[in-house]
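# What the coordinates show
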Amino acid sequence: MTIRFGVIGTGAIGREHMRRITQKLLGGEIAAVTDIDLSAARKAVEELGIEARIYPEEELLADRSIDAVIITSWGPAHEASVLAAIAAGKYVFVEKPLATTIEGCERIVQAEEKIGRRMVQVGYMRRYDRGYQALKSVVACGELGSPLMVRCTHRNAAVDERYTTEMAVLDTLVHELDVTRWLVGDDYAEVQAVFPRRTKYAHEALQDPQIFLLRTQTGIVITAEVFVNCRYGYDIQCEIVCEEGTVSLPAEASVEFKHDALHKRAVPQDWKLRFADAYDAELQDFINQVERCNEPQGPSAWDGYLATLAAEACVRAQKSQGWESVTPGISQPKFIAGRV
Ligand SMILES: NC(=O)c1ccc[n+]([C@@H]2O[C@H](COP(=O)([O-])OP(=O)(O)OC[C@H]3O[C@@H](n4cnc5c(N)ncnc54)[C@H](O)[C@@H]3O)[C@@H](O)[C@H]2O)c1
Ligand SMILES: O[C@H]1[C@H](O)[C@@H](O)[C@H](O)[C@@H](O)[C@H]1O
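Attention in this report is confined to the structure presented alongside it. (Residues numbered from 1 in each chain as written. Chains lettered and ligands numbered in written order. Predicted model: local features only at pLDDT ≥ 70, side-chain atom pairs only at ≥ 80, totals over all residues. Heavy atoms only, no water.)

### A short note on the pattern of salt bridges
One pass over the full model with this rule turns up 22 salt bridges. The shortest N-O distance in the salt bridge between aspartate 178 and arginine 127 comes to 2.7 Å. Here aspartate 178 is found in helix 7 (residues 167-184), whereas its partner arginine 127 is found in the loop between strand 6 (120-122) and helix 6 (130-141), with 51 residues between them in sequence. A single burial state applies to aspartate 178 and to arginine 127, both of which are buried. Between glutamate 190 and arginine 215 there is a salt bridge; the shortest N-O distance is 2.8 Å. Of the two residues, glutamate 190 sits in strand 8 (residues 188-194) while arginine 215 sits in strand 9 (residues 210-216), which places them 25 residues apart along the sequence. For glutamate 190, a relative accessible area of 24% puts it in the partly exposed group. Its relative accessible area of 30% is what places arginine 215 among the partly exposed residues. Because the salt bridges share partners, they merge into one network encompassing Arg127, Asp178, Arg181, Asp187 and Asp303. (Salt bridge = Lys/Arg side-chain N within 4 Å of Asp/Glu carboxyl O. Helix = DSSP H or I, 4+ residues; strand = E, 2+ residues; numbered from the N terminus. Buried < 20%, exposed > 50% of the residue type's maximum accessible area, 1.4 Å probe, protein only.)

### As for the nonpolar core
One finds Val120 and Tyr132 to be the most contacted residues of the largest nonpolar core, which totals 105 residues. Tallying contributions element by element places helix 10 (residues 301-320) first for this core, with 12 residues. A domain-level breakdown of this core finds at least three residues from each of domain 1 (3-126 + 277-300 + 332-336) and domain 2 (131-273 + 306-317). Those residues in contact with tyrosine 132, other than ones at most four positions away along the chain, are Arg126, Val179, Trp182, Leu183, Ile236, Cys238, Leu249 and Phe275. (Core = buried A, V, L, I, M, F, W, Y, C linked by side-chain atoms within 4.5 Å. Domains from an automatic or database assignment. Contact = heavy atoms within 4.5 Å.)

Structure, rendered in structure tokens:
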């Protein structure tokens, strides 16, 4: 059976996911597409040369021939689309963040809970990255002893004027908030933000770089640097320091240059190349599960909720410059219990 997808939001990553489902992955097709700007949806369909229907979101969700939706609109629009898709009985793959508010995430968790099974997978693709998976298995096997500290670096080459100080958390740091909790199998207790000297490349209203300290419930301390105007490229690092040794993300496979008395290696310029295999793997897994009428197995609505919960505390910490606690207001639904 081929899974018929509807895509909501045809910006940068929406078009990337449409292309990978059409050209690379098995078992899915893009059958319908929408965007708040329908001309953008039309352009995306024409560029890819596919025969997908283009219509407003309500009609797409009412279309019974659509099995699942991919939500790749702006973060603040995610909640309404996820809730409407669950109500229409569609499986949902939603890009991060699940929703930009805690209340929005809670409403999504509760909507799934009413049905009593998972319908939603959140696009925290790093869990499908081979390097992060290797880190997790090293920590889980216990050879290095207990994790004590984690050092994360998240650098983007540049951002535009629309990118705000809060987005450094809600759009960027959320990846570390999800993946670090998954790596060490522990939830956050409190967070703090520290602002270094601003780079001259940040626009006036943006604090860049920023450093976040996160303490987990068992006392692991994570430092996470977000620097979104680093100029030289897309640079993601992670080192876990344990009692008996350390483990770090492997260097990416990229060509090396020896030229003019220098030894150089290319740095990816954005997320598209750095995580291409992880995006493929997360969507292929989603297709495979939906095809078997199984629940999605990737990051759940509960994971999405906990990432946004920690993000909201980080935004408070940006303002207070002190420690802020991370306290869930709802309990983990039984049907996803135990799946960290
Ligand atoms: N997992 C990742 O590494 C990764 C990478 C890039 C983007 N993202 C996430 O994907 C989402 C989209 O990011 P992007 O870079 O493609 O943004 P973008 O600005 O390029 O595209 C967003 C698109 O959504 C459309 N849109 C906005 N509101 C809408 C609504 N209510 N209904 C339908 N369409 C709507 C816009 O018109 C635009 O075409 C964001 O949540 C972002 O955080 C994730
Ligand atoms: O939406 C993007 C995406 O999630 C990237 O992976 C991240 O590095 C960027 O900072 C963010 O803006």
